[in-house]
Amino acid sequence: MADTHVLFVEDDDVIREATQLALERDGFAVTAVPDGLSGLAAFRADRPDIALLDVMVPGLDGVSLCRRIRDESTVPVIMLSARADSIDVVLGLEAGADDYVTKPFDGAVLVARIRAVLRRFGHAAGAGRGAAGEPAGERGGGRPGVLAFGDLAVDTEGMEVRRAGAPVALTPTEMRLLLEFSSSPGTVLSRDRLLERVWEYDWGGDTRVVDVHVQRLRAKIGQDRIETVRGFGYKLRA
């Protein structure tokens, strides 16, 4: 983790300095800034490996900053929110954040979530294996590693997705989610299972993370491709 560069945007001086020290003790390189405009400038100048964005920062709020980052990059983003039930959590996820952490947070928990997100992004960039860790197969008569579901083609080796022949741009988290669905087409996957397999939560997590990412994925691959099974979860229509 010594080469992992974290952009941390937080306006509270005490939280910013204490968190920066904690992250640096764990081997991260940290750029810490107090407002959104400085955060955007630092992101463009440094191209960090991951961004931690507090929702309520001056100049350019964290949600707006997340949107600006997502317009330019698929770099992982974790939102920091003072309220677990805040609408800001959902807004941050809809803006393209991959996860969120509620304040006040324990430094060890934050580090664990950062590492989980970075592992997930590394997995999404891997080649030749399906979401469940098994070798990728073929479906619908295509070439090995390409799974076809109607007009949707998922290349599990090249980590590419096409819809009706046109490329579909997915974030690594969205790609991991689609790979999980693609590995079990027609099978209902619970939100808890998706939290465990995609987000690597081995404890109870907020299922809003799953719901918002499914919405984002549907918008890109087709609203009817992923079906909601009320009371149970979601499934990919084969």
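Figured I'd write up the structure that's included with this text. (Residues numbered from 1 in each chain as written. Predicted model: local features only at pLDDT ≥ 70, side-chain atom pairs only at ≥ 80, totals over all residues. Heavy atoms only, no water.)

1. As for the overall build of the protein chain
We apply this condition: Runs of H or I in DSSP of at least four residues are treated as helices and runs of E of at least two as strands, each being numbered from the N terminus. For the exposure calls, accessible area comes from a 1.4 Å probe over protein chains only, and a residue counts as buried if that area is under 20% of its type's maximum, exposed if over 50%, partly exposed in between. Any two residues whose heavy atoms approach within 4.5 Å at even a single point are treated as in contact. Per-residue and other accessible areas follow the Shrake-Rupley method at a 1.4 Å probe size, with only the shown protein chains counted as cover for residues.
Helices and strands together make up the secondary structure of the protein chain, namely eight helices and 11 strands. Expressed as a percentage of its 238 residues, the buried residues of the protein chain come to 49%. Sequence-distant contacts in the protein chain: of pairs separated by 6 or more residues, those separated by 24 or more amount to 59%. Surface exposure of the protein chain reaches about 10600 Å², of which carbon and sulfur atoms provide 50%.

2. Some details on the side chain of aspartate 98
Going by this rule: We call two N or O atoms a polar contact when they sit within 3.5 Å, provided that within protein one can donate a hydrogen and the other can accept it, with sequence-adjacent residues counted only if both atoms are side-chain atoms.
One can find aspartate 98 in the loop between α4 (87–94) and β5 (99–102). Separated by 2.7 Å, the side chains of aspartate 98 and threonine 173 make a polar contact. Each residue touching aspartate 98, except ones within four places of it in the same chain, is listed here: Arg70, Val75, Pro76, Val77, Leu93, Arg120, Phe121, Thr171, Thr173, Trp199, Val209 and His213.

3. Considerations on the pairing of strand β8 (residues 160–163)
As a reminder of what qualifies: In short, DSSP must find at least two bridges between two strands for them to pair.
For strand β7 (residues 152–155) and β8, the ladder comprises four bridges, and the chain directions are antiparallel. When the sheet's bridge partners are listed, aspartate 155 is paired in β8 with glutamate 160. Sheet analysis places β8 next to strand β9 (residues 166–167), joined by two bridges and oriented antiparallel. When the sheet's bridge partners are listed, arginine 162 is paired in β9 with proline 167. What sits between β8 and β9 in their antiparallel hairpin is a turn of two residues, with alanine 164 showing a positive phi close to 55°.

4. Examining helix α8 (residues 208–221)
Cut-off, in case you're wondering: Expected span of a helix, by definition, is 1.5 Å for each gap between consecutive residues, and there is one gap fewer than residues.
The terminal C-alpha atoms of α8 lie 20 Å apart, and with 14 residues this matches the ideal 20 Å at 1.5 Å per residue to within 8%. Counting buried positions along α8 yields 10 of 14 residues, so the element is predominantly enclosed. Every buried residue of α8 is accounted for by Val209, Val210, Asp211, Val212, His213, Val214, Arg216, Leu217, Arg218 and Ile221.

5. Some points on the sheet that holds strand β6 (residues 146–149)
Two modes of strand pairing occur in sheets, parallel and antiparallel, and in both the strands are linked by backbone hydrogen bonds. Basically, it comes down to this: Axis geometry follows a simple rule: fit a line to the C-alpha atoms, using only the stretch in contact for helices, then measure angles between N-to-C directions, giving values from 0 to 180 degrees.
Taken in spatial order, the four strands line up as β6-β7-β8-β9 in an open sheet, and their pairing is antiparallel. In the strand order of this sheet, the two ends are held by β6 and β9, each with one partner. As paired strands, β6 and β7 are joined by four bridges and run antiparallel to one another. Bridged to valine 146 within β7 is aspartate 155. The sheet strands contacting helix α6 (residues 172–183) are β6, β7 and β8, and the helix crosses β7 at an angle near 105°.

6. Observations concerning the packing of α4 against α8
Applied cut-off: Helix crossings fall into two classes, left-handed where the near helix is turned counterclockwise from the far one by less than a right angle and right-handed where it is turned clockwise. Three classes are used: nonpolar for Ala, Val, Leu, Ile, Met, Phe, Trp, Tyr, Cys and Pro, charged for Asp, Glu, Lys and Arg, and polar for all others, with Gly counted as polar.
Across the interface, α4 lies against α8 with an axial gap of 9 Å and an inter-helix angle of 35°. Crossing hand, α4 versus α8: right-handed. Of α8, the residues touching α4 (which contributes Val89, Val90, Leu93 and Glu94) are Arg208, Val209, Val212, His213, Gln215 and Arg216. Residue composition of the contact of α4 with α8, by class: five nonpolar, two polar and three charged.

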